[in-house]
Protein chains: 2
Amino acid sequence: MDSDKELQRLLDERQKLNDKINEYVKEKYQKYKGMSEEVKDDNPYSRLMALKRMGVVQNYEKIRDCSVLVVGVGGVGSVLAEMLTRCGLGKLIIYDYDKVELANMNRLFYTPQQVGLSKVDAAKGTLQSINPEITIEAYNMNITTNSGFEHLLDRIKKGGKNGERINLVVSCVDNYAARMAINTGCNELDQIWFESGVSEDAMSAHIQIMIPGETACFACATPLAVVESNEHTIKREGVCAASLPTTMGITAGFLAQNALKFLLDFGDLAFVLAYNAKADFFTNYMIKPNSECKENECRKRQAEKAVNKQENILERLEQRKKAAKEAFEKENKPSENEWGIEIVDESGPQSDSNKKDDDVKEISEQEIEQNNLDDLMAKLQNM
Amino acid sequence: MDSDKELQRLLDERQKLNDKINEYVKEKYQKYKGMSEEVKDDNPYSRLMALKRMGVVQNYEKIRDCSVLVVGVGGVGSVLAEMLTRCGLGKLIIYDYDKVELANMNRLFYTPQQVGLSKVDAAKGTLQSINPEITIEAYNMNITTNSGFEHLLDRIKKGGKNGERINLVVSCVDNYAARMAINTGCNELDQIWFESGVSEDAMSAHIQIMIPGETACFACATPLAVVESNEHTIKREGVCAASLPTTMGITAGFLAQNALKFLLDFGDLAFVLAYNAKADFFTNYMIKPNSECKENECRKRQAEKAVNKQENILERLEQRKKAAKEAFEKENKPSENEWGIEIVDESGPQSDSNKKDDDVKEISEQEIEQNNLDDLMAKLQNM
């Protein structure tokens, strides 16, 4: 007990020191405020702005006006939050109601020195110390309670950098109820969100994009059984799910990469991207919404989007992809670049059986039933 | 200047505090020494040991006896090192000769508070504070110099936890010369190593396993042109390569996952795994050695391995894969598990065109020449 008190005293002392140190860090960041492209060792943005110079992203600076709301800052969410913070995101809103435990040390991000702190407080402290220019709202709150859910809806609607709608919601939770709450809220508000999950043996993972009315929502593919189970109930029985910093980190990387594509409008969005760690197997496809989805709000969005199809995000993405393909075929060879750095062939080394055009496969409602996606959804409940 | 001095004073003061805090952390780790399976909030190993309970890994504890040597602790190597540290690796040897700069903040791991420190010192400090049970040797050294190269060979031969041969070498460097040095050293010592690289636009990456005499070495597929160019020369010209914490983190995740498979003997090793971020495209194949490789030591290893093929690693992996497939077909359904946690189907949701058995493709020397791998190798020189 005494040793715990002494540890606490040392941690408090260090917190004060950190606050002072961060003032100096803030000064250093100010020097390149506004995302300078200048190639200097003390410019934290030069390597990101190089994406613009190389033509990958048209307007990288836009990220400073973007806001992302992350539910769950455990093994996946915390790493996602760190990646976005380091990429220069304008604002981050995080929800969680867990505390940091030593049992979390087998994933990235949290340190033993943060044990006992709420995850959101620990995360906010670390993220601000990495990039003092990001705005962070941290809520130690369960979004599946009535008040928590109302709070979430309010922040989605008004949590943006200037009080506007948030740009993206990302789910990094470990249970079915929280996923359903996010799904309901986002359907209601017509809010795009990303879902993610890692299996209990840490050997597979997936990310999925949910565009209300355009792609399947979380309720569209009805799970086989509704079992309420999460990490806490599992732990109570003396067993726990496995986890690895590798699978968690890769999943966070996929999520953050997709978030950058979505926010900064480049590349092809991944709709469902699944990863199998044992065999290094990946799948990439899209699921259409279920016209008989049990969620009223999902069906309502489907009807709205069907009326004005030209405004659909998927439609615009398809057109852009088509235009890019045509332009590429017209030129028929990569253009020379001015900065003299060669870039590895965009498509990577590829075999004949894996043509790029086949990457994203549309799966109809009917096919879903024959597909093992139902199983996946059912298993998600046990996450 | 005065403000820099004051910052240094604060950082020194914090270092002293950290050392004291880490003593307490060490105590907490001691409680579960030897990798306890106990499901408790303060057991840092329970989630890793669950991999054993779930049958993914036969003997997870073995990782405490394992040692990995990482060359380059930048955007990929530092995250790899953190993942292995959190997984409970016994010993880590790291090489680098760069300092932490604010321009590195767009990748995971280093913090603005570490600016000015050598990367290896900063990394060692962070890793030890995360897991005080790991042994770390850190060398602020360039392995492409004569003395650096000799030092590297010595550490490969005697750097293990008890003075034995290291288990694995991983290259996370950003230039051609360092890759060639590692290749030469590992061919000479018959040492298995992993190669990795991220393209200059941060949109593609690869990892590759090198088993001397069994798979292609780095020199087997002769690059088209030998241009000596690295990050430092690029920066001098006022341009820099792009980098993202996402692509770097995903690459580190693939490397660490493969390292775990290799060290703990589970799953299928990835031989060449390439990732294209824009289209979420992945490839997975194997390259056979070139019988006319310009490296004497590579050809020598090829001759040795041809003599006693039964002892080859690839041979053993193929046999294990075959046995696993036969056993699976015999049972024909997944067995019930005792702990009541369901696991997502190992193969994940998959489309017909992507059969698991086609995952790893063998590519002969002849095919390499027609393949764009030469290009990849050539581009590597500019990394």
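All figures in this text were calculated on a predicted structure; none of them were measured in a lab. (Residues numbered from 1 in each chain as written. Chains lettered and ligands numbered in written order. Predicted model: local features only at pLDDT ≥ 70, side-chain atom pairs only at ≥ 80, totals over all residues. Heavy atoms only, no water.)

**Concerning the overall build of chain A**
When you go through chain A residue by residue, the secondary structure sums to twelve helices and nine strands. Considering chain A as a whole, with its 383 residues, one finds that 61% of them fall into the buried category. Considering only contacts within chain A whose residues lie at least 6 apart along the sequence, 67% involve residues at least 24 apart. Summing over all exposed atoms, chain A offers an accessible surface of approximately 15600 Å²; the carbon and sulfur share of this is 47%. (Helix = DSSP H or I, 4+ residues; strand = E, 2+ residues; numbered from the N terminus. Buried < 20%, exposed > 50% of the residue type's maximum accessible area, 1.4 Å probe, protein only. Contact = heavy atoms within 4.5 Å. Areas by Shrake-Rupley, 256 points an atom, 1.4 Å probe, with all protein chains shown as cover.)

**Quick word on the environment of B:Leu153**
Residue and element names in this part refer to chain B. Position of Leu-153 relative to the elements: it lies in helix H5 (residues 146-158). With a relative accessible area of 6%, Leu-153 lands in the buried category. In the structure, Leu-153 is positioned 33 residues away from Cys-186 in sequence and 8.2 Å away in space, judged by C-alpha atoms. Ignoring any residue separated from it by four or fewer positions in sequence, one finds Leu-153 in contact with Gly-185, Glu-188 and Leu-189.

**Section: the environment of B:Thr215**
Residues and elements named next belong to chain B. Mapped onto the elements, Thr-215 comes out in the loop between strand S6 (204-210) and helix H7 (231-236). Here Thr-215 falls in the buried class, since its relative accessible area comes to 3%. The sequence separation of Thr-215 and Leu-314 amounts to 99 residues, and the corresponding C-alpha distance is 8.6 Å. Apart from residues no more than four positions distant in its own chain, Thr-215 is found in contact with Ile-209, Met-210, Phe-271, Met-286, Ile-287, Lys-288, Pro-289 and Leu-314. One polar contact links the side chain of Thr-215 to the main-chain amide nitrogen of Ile-211, over a distance of 2.9 Å. (Polar contact = N/O pair within 3.5 Å; in protein donor to acceptor, adjacent residues only side chain to side chain.)

**Side note on the confidence of the model for chain A**
Residues and elements named next belong to chain A. Across chain A, pLDDT averages 84, with 82% of residues at or above 70. Scored below 50 in pLDDT, residues 224-230 makes 16 contacts in the model with residues more than four places away or belonging to other chains. This model gives residues 364-374 a pLDDT under 50, and the stretch forms 18 contacts once residues within four places in sequence are excluded. (pLDDT = per-residue confidence, 0-100.)

**Some points on the pattern of salt bridges**
A complete count under the given rule lists 41 salt bridges over all chains for this structure. For A:Arg179, the salt bridge identified is with A:Glu195, shortest N-O distance 2.9 Å. Here A:Glu195 lies in strand S5 (residues 193-198) and A:Arg179 lies in helix H6 (residues 176-189), a separation of 16 residues in the sequence. Across the pair, A:Glu195 and A:Arg179 agree in class, each one buried. For the salt bridge of B:Glu133 with B:Arg64, the shortest nitrogen-to-oxygen distance reads 3.5 Å. Highlighted residues: B:Glu133 in the loop between helix H4 (119-130) and strand S3 (135-140) and B:Arg64 in the loop between helix H2 (46-53) and strand S1 (67-71), separated in sequence by 69 residues. Each member of the pair B:Glu133 and B:Arg64 is classed as buried. One continuous salt-bridge network, built from bridges that share partners, spans A:Lys91, A:Glu137, A:Asp154, A:Arg155 and A:Lys158. (Salt bridge = Lys/Arg side-chain N within 4 Å of Asp/Glu carboxyl O.)

**A short note on the nonpolar core**
Of all hydrophobic cores here, the largest spans 165 residues; its most connected members are A:Tyr60, A:Leu92, A:Phe254, B:Tyr60, B:Leu92 and B:Phe254. No fewer than three residues from each of domain 1 (1-32) and domain 2 (46-300 + 372-380) of chain B sit in this core. Here B:Leu92 is in contact with B:Val68, B:Val70, B:Ala81, B:Leu84, B:Thr85, B:Leu127, B:Ile134, B:Thr135, B:Ile136 and B:Glu137, once residues within four sequence places are set aside. (Core = buried A, V, L, I, M, F, W, Y, C linked by side-chain atoms within 4.5 Å. Domains from an automatic or database assignment.)

**Structural notes on the pairing of S3(B)**
All names here are of chain B. Relative to S3, strand S2 (residues 91-96) is paired through six bridges, and the arrangement is parallel. What sits directly across from Leu-92, in S3, is Ile-136. Of the crossover connections in this fold, the one passing from S2 over H4 to the parallel S3 is right-handed. (Pairing = 2+ DSSP bridges. Right-handed = clockwise from strand over helix to strand, strands pointing away.)

**Some thoughts on the pairing of strand S4 (residues 168-171) of chain B**
Residue and element names in this part refer to chain B. Burial of the side chains of S4 extends over both faces: Leu-168 and Val-170 are buried on one face and Val-169 and Ser-171 on the other. Direction of pairing for S1 relative to S4: parallel, over a ladder of four bridges. Looking at the pairing, Val-70 lines up with Val-170 of S4. With two bridges joining them, S4 and strand S5 (residues 193-198) adopt parallel strand pairing.

**Thoughts on the state of the cysteines**
Think of a disulfide as a covalent bridge from one cysteine sulfur atom to another cysteine sulfur atom. Residues and elements named next belong to chain B. Summed over the entire model, instances satisfying the criterion amount to zero disulfides over all chains. Of all cysteine sulfurs in the structure, the one in Cys-217 sits closest to Cys-293, which takes part in no disulfide; the separation is 3.8 Å. Using a relative accessible area of 1% as the deciding quantity, one classes Cys-293 as buried. (Disulfide = S-S within 2.5 Å.)

**Thoughts on helix H9 (residues 296-307) of chain A**
Residues and elements named next belong to chain A. Helix length check: H9 (twelve residues) gives 17 Å between terminal C-alpha atoms against 16 Å at 1.5 Å per residue, within 8%. Listed as buried for H9 are Cys-298, Arg-301, Gln-302 and Lys-305. Along H9, the residues classed as buried sweep out an arc of 105° about the axis, all on the same side. With respect to the buried face of H9, the exposed residues turned more than 90 degrees away are Asn-296 and Val-307. The inward-facing, buried residues of H9 contact H6. (Expected span 1.5 Å × (residues − 1). Arc of directions from axis to C-beta.)

**Considerations on H5(B)**
Residues and elements named next belong to chain B. Helix length check: H5, at 13 residues, gives a terminal C-alpha distance of 18 Å against a target of 18 Å (1.5 Å per residue), a fit within 8%. The set of residues buried in H5 consists of Gly-148, Phe-149, Leu-152, Leu-153, Arg-155 and Ile-156. Each buried residue of H5 sits inside an arc of 165° when the element is viewed along its axis, so together they form one side. In H5, the exposed residues that point more than 90 degrees away from the buried face are Asn-146 and Ser-147. Taken together, the buried residues of H5 touch S1, S2, S3, S4 and helix H6 (176-189).

**With respect to the packing of aromatic side chains**
Given two aromatic rings, one states the distance between the centres and the angle between the planes to describe the pair. For the structure on display, the rule yields 19 aromatic pairs over all chains. Taking the centre distance of 6.0 Å and the plane angle of 55° together, the rings of A:Phe254 and B:Tyr275 count as tilted. Taken as a pair, A:Phe254 in helix H8 (residues 245-264) and B:Tyr275 in strand S7 (residues 272-276) lie in two separate chains rather than in one. The two residues A:Phe254 and B:Tyr275 agree in class, both being buried. Put simply, the rings of A:Phe254, A:Tyr275, A:Phe282, B:Phe254, B:Tyr275 and B:Phe282 pair up and form one aromatic cluster. (Phe/Tyr/Trp six-rings, centres within 6.5 Å; stacked < 30°, edge-to-face > 60°.)

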